[in-house]
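# Summary of structural features
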Amino acid sequence: MLLLLKILDRQMQLAKIRADIRSKTREDIDQQQRDYFLQQQLKNIQEELGNGHSSPEETEILDKAAKKKWSKDVQAAFDREIEKLRQLHPQSPDYNIQFSYLQTLVALPWDEYTTDNLDLTRAKKILNHDHYGMEKVKTRILEHLAVLKLRGDLKSPIICLYGPPGVGKTSLGKSIAKAMNRKYVRISLGGLHDESEIRGHRKTYIGAMPGRIIKSIQKVGSSNPVFILDEIDKVTTMNSVNGDPSSALLEVLDPEQNNAFHDNYLDIDYDLSKVMFIATANNVNTIPAALLDRMELIEVSGYIPEEKIEIAKKHLIPKELKDTGLNSKETTKIKFAKSAITEIIDSYTRESGVRQLEKKINMCLRKAAYKIATDGALECSTISKDNLADFIDGRPYPHDIYQGNDYAGVVTGLAWTSVGGEILFIETSVSKSRNPQLTLTGNLGDVMKESAVLALEYIKAHAEQFNIDYRIFSNYNIHVHVPEGATPKDGPSAGITMATSIVSALKQCKVRKNTAMTGEITLRGKVLPVGGIKEKILAAKRAGITDIIMCKDNERDIAEIPDKYLEGVSFHYVEDITDVLGFALLDEKVKNPIEFTFEKPKPEA
């Protein structure tokens, strides 16, 4: 009986388990049926409201998406976002936000590239046709094309063209795009102070949009354009409530990171590694060091007068003739004589580039057009130096002319400015004083003042070596002045000029004729190299300088300058201030030299 009870109990438990399983299965099926029923009901409600079928806008987005060559990650993100759109009512505010986002997503050229033209001969011809000079930049572009041709796939370089205004840095980007057969896009970064201009806004915000990088890529319709980042040195670098845009550019301009550029609006990584970024700047000193490190710096220096004449003939005059309507068959053919172009360059413009030259040529042609429109014809169709005053307004700039060597303490230095090179006169005078001191005037910066102090201290320490009576320093005031006091001046390159000027004034001896100099001085009397050598040489040639003194380390800068720029100028390389004084100062005294007198010391009591 006990055995029978065990068997019956086991059978009853098995039956109970079967009943429980059957009951649970039935409940699961009921839940599925309920969900299916509710889904069908929701579908019927949407059909009644007119939302059951895809809208024309949604269909258009889906058609565009089907043609895209995007990755699995992007496809998954798109599917996720389109599903969100379907669950939104067309009249809800979120619907338009979601729809705008999807439009941006399908409008971007994902993995769509233009085919590069790797014909180096054609590229070189285009670059030479569009721009005169700029050999370094052209060589760099042709090198990139050559490597691209051999390898087939290459990350584009990040190039920064820096130089004075008006030398053609921005317009060079168009020529590079044309030579490579790529699309061209440009954004100006001048005054940019909002990080979201680069990275975009979060799409949840009202009025959100992508950053200017993504918007420009979308506009141009290619993932490998030539992208000009104009005026990158004018980006605001201070942190503010809007972020730091210069730091946001670090990701864009890093070849190791920009293959996965993250825009806040897209929230999906976008590949910028095939984009050729070319930044332009006037002054690299204002660009943050981290940003500067990511770019390959190429200097685009100013033009010499001979180059400006060729640029005017080949580019500026034909362009301005077209703009003023004087190139038509009905009008008188206007020609510019070479003497007129030279006079405009030398007397009416003062710049490293050709922007002001273009404006002056336009002014001449406007006046010619006015005379033709009022009188019917011109008396003379050729604009030359003799009749240039009839076509151009404004007073010519005074020339920087060497002032001779008849005065003690007047030495010619060479300076670099944002519009090119200039000659600079350093004047030193001595006057008897009971409280002698060094006086500096001429709107000088701190670095330039320090150079004068260094020069004087070195001369005091080596007065006996230069045959200077040491009593002068305790009886005479030394005054150093740099003319054109309204113009701010700074920098260390006038160090050896100031030292030479002070020694010349103290010894009352002449400085070698037609000589100019540039170089930094140390307290030990060493001469250090300086920059802007090409512009300084051009300024020296304009002023009639025949001998230039500079640091021996600057000899490599001279080697990079074509010989035609160096004609008529001799270079003297020095390492120490004694070398400078040995060449620059003559034993001959100036006219009417100062006779230094010293009071006899009073006998001690």
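Our subject is the structure listed above.
We now turn to the structure provided with this report.

Conventions we followed
- Residues numbered from 1 in each chain as written.
- Predicted model: local features only at pLDDT ≥ 70, side-chain atom pairs only at ≥ 80, totals over all residues.
- Heavy atoms only, no water.
- Helix = DSSP H or I, 4+ residues; strand = E, 2+ residues; numbered from the N terminus.
- Rg over C-alpha atoms; globule rule 2.2 N^0.38 Å.
- Buried < 20%, exposed > 50% of the residue type's maximum accessible area, 1.4 Å probe, protein only.
- Contact = heavy atoms within 4.5 Å.
- Areas by Shrake-Rupley, 256 points an atom, 1.4 Å probe, with all protein chains shown as cover.
- Lys, Arg positive; Asp, Glu negative; His and termini not counted.
- Charge placed at Lys NZ, Arg CZ, Asp CG, Glu CD.
- Phe/Tyr/Trp six-rings, centres within 6.5 Å; stacked < 30°, edge-to-face > 60°.
- Salt bridge = Lys/Arg side-chain N within 4 Å of Asp/Glu carboxyl O.
- Axes fitted to C-alpha atoms, helices over the stretch in contact; angles between N-to-C directions.
- Parallel < 35°, antiparallel > 145°, perpendicular 65-115°, else oblique.
- Left-handed = near helix turned anticlockwise from the far one by under 90°.
- Pairing = 2+ DSSP bridges.
- Expected span 1.5 Å × (residues − 1).
- Arc of directions from axis to C-beta.
- Nonpolar A, V, L, I, M, F, W, Y, C, P; charged D, E, K, R; others polar.

## Structural notes on the overall build of the protein
When its secondary structure is counted, the protein shows 20 helices and 20 strands. For a compact globule of 605 residues, the expected C-alpha radius of gyration is about 25 Å, and the protein comes in at 38 Å, more than 25% above that figure. For the protein, the spread of C-alpha atoms along the principal axes amounts to about 145 × 90 × 45 Å. Here the protein, with 605 residues, has 44% of them falling under the buried criterion. Here the analysis covers contacts within the protein between residues at least 6 apart in sequence; of these, 76% occur between residues at least 24 apart. Entry remark: accessible area of the protein is about 33,000 Å², with carbon and sulfur atoms responsible for 50%. If the 82 positive side-chain charges of the protein are averaged to one point and the 85 negative ones to another, these points end up 2 Å apart.

## Description of the packing of aromatic side chains
Evaluation of the coordinates by the stated rule reveals eight aromatic pairs. Taking the centre distance of 5.3 Å and the plane angle of 40 degrees together, the rings of Phe227 and Phe277 count as tilted. One end of the pair, Phe227, is in strand S3 (residues 226-230); the other, Phe277, is in strand S6 (residues 276-281), with 50 residues separating them in the sequence. Judged by relative accessible area, Phe227 falls into the buried class, the value being 0%. Take Phe277: its relative accessible area is 1%, and that puts it in the buried class. Here the aromatic rings of Tyr476 and Phe596 are separated by 5.0 Å at their centres, their planes lie at 85 degrees, and the arrangement is edge-to-face.

## With respect to the environment of Asn327
Tracing the backbone through its elements, the reader meets Asn327 in the loop between helix H12 (305-323) and strand S8 (335-336). Once residues within four sequence positions are removed from consideration, Asn327 is found in contact with Leu321, Lys322 and Lys333.

## Quick look at the pattern of salt bridges
Here the structure, examined in full by the defined rule, presents 20 salt bridges. Among the salt bridges present, the one from Glu296 reaches Arg140, with a minimum N-O distance of 2.7 Å. Of this pair, Glu296 sits in strand S7 (residues 296-299) while Arg140 sits in helix H6 (residues 135-151); the two residues are 156 residues apart in sequence, bridging distant segments of the chain. You can call Arg140 buried: its relative accessible area is 18%. Here the salt bridges do not stand alone but share partners, grouping Lys319, Glu320, Asp323 and Glu358 into one network.

## Examining the packing of helix H13 (residues 338-348) against helix H14 (residues 355-375)
Taken N-terminus to C-terminus, the directions of H13 and H14 make an angle of 125 degrees; their axes are 10 Å apart at the nearest point. Considering the angle they form, H13 stands oblique to H14. Two packed elements cross with a definite hand, and for H13 against H14 that hand is right-handed. Counting all contacts with H13, which are made through Ile344, Ile345 and Tyr348, the residues of H14 involved are Leu357, Lys360 and Cys364.

## Some points on unusual backbone geometry
The residue Glu231 is not glycine, and still its phi comes out positive at about 55 degrees. Locating Glu231 in the fold gives a position in the loop between S3 and helix H10 (245-252). Despite not being glycine, Asn467 shows a phi value in the positive range, around 60 degrees. With respect to the secondary-structure elements, Asn467 resides in the loop between helix H15 (446-461) and helix H16 (472-475).

## Here's the deal with H10
Since there are 3.6 residues in each turn of an α-helix, residues three or four apart along the chain are aligned in direction. The element H10 is extensively covered by neighbouring structure, given that seven of its eight residues are classed as buried. All of the buried residues in H10 are Pro245, Ser246, Ala248, Leu249, Leu250, Glu251 and Val252. Of the surrounding elements, those touching the buried residues of H10 are helix H8 (196-199), helix H9 (212-220), strand S4 (261-262), S6 and helix H11 (289-293).

## A short note on the sheet that holds strand S2 (residues 184-188)
With parallel pairing, five strands are arranged side by side in an open sheet as S2-S3-S6-S1-S7. Among the strands making up the open sheet, the edge pair consists of S2 and S7. Averaged over all neighbouring strand pairs, the angle between strand axes comes to 20 degrees, with direction disregarded. Both S2 and S3 contribute to a ladder of five bridges, which runs parallel. When the sheet's bridge partners are listed, Tyr184 is paired in S3 with Val226.

## A look at H15
A rise of 1.5 Å per residue sets the reference length of H15, with its 16 residues, at 22 Å; its end C-alpha atoms lie 23 Å apart and thus fit the reference within 8%. If you check which residues of H15 are buried, you get Met448, Ser451, Ala452, Ala455, Leu456, Tyr458 and Ile459. Down the axis of H15, the smallest arc covering the buried residues is 160 degrees, so these residues share one side. When the buried face of H15 is taken as reference, the exposed residues oriented beyond 90 degrees from it are Asp446, Glu450 and Ala461.

## Examining the packing of helix H17 (residues 495-507) against helix H20 (residues 577-584)
Contact geometry for H17 and H20: axes closest at 10 Å, N-to-C directions at 55 degrees. Relative to H20, H17 is oriented oblique. Every pair of crossing elements has a handedness; the one defined by H17 and H20 is right-handed. Within the contact between the two elements, H17 uses Ile496, Ala499, Thr500 and Val503 and H20 uses Ile577, Val580, Leu581 and Ala584. Partitioning the contact of H17 with H20 into residue classes produces seven nonpolar, one polar and no charged.

## A short note on the side chain of Lys308
Mapped onto the elements of the fold, Lys308 is located in helix H12. Dropping the residues within four chain positions of it, Lys308 is found in contact with Tyr303, Ile345, Glu351, Ser352, Gly353, Val354 and Leu357.

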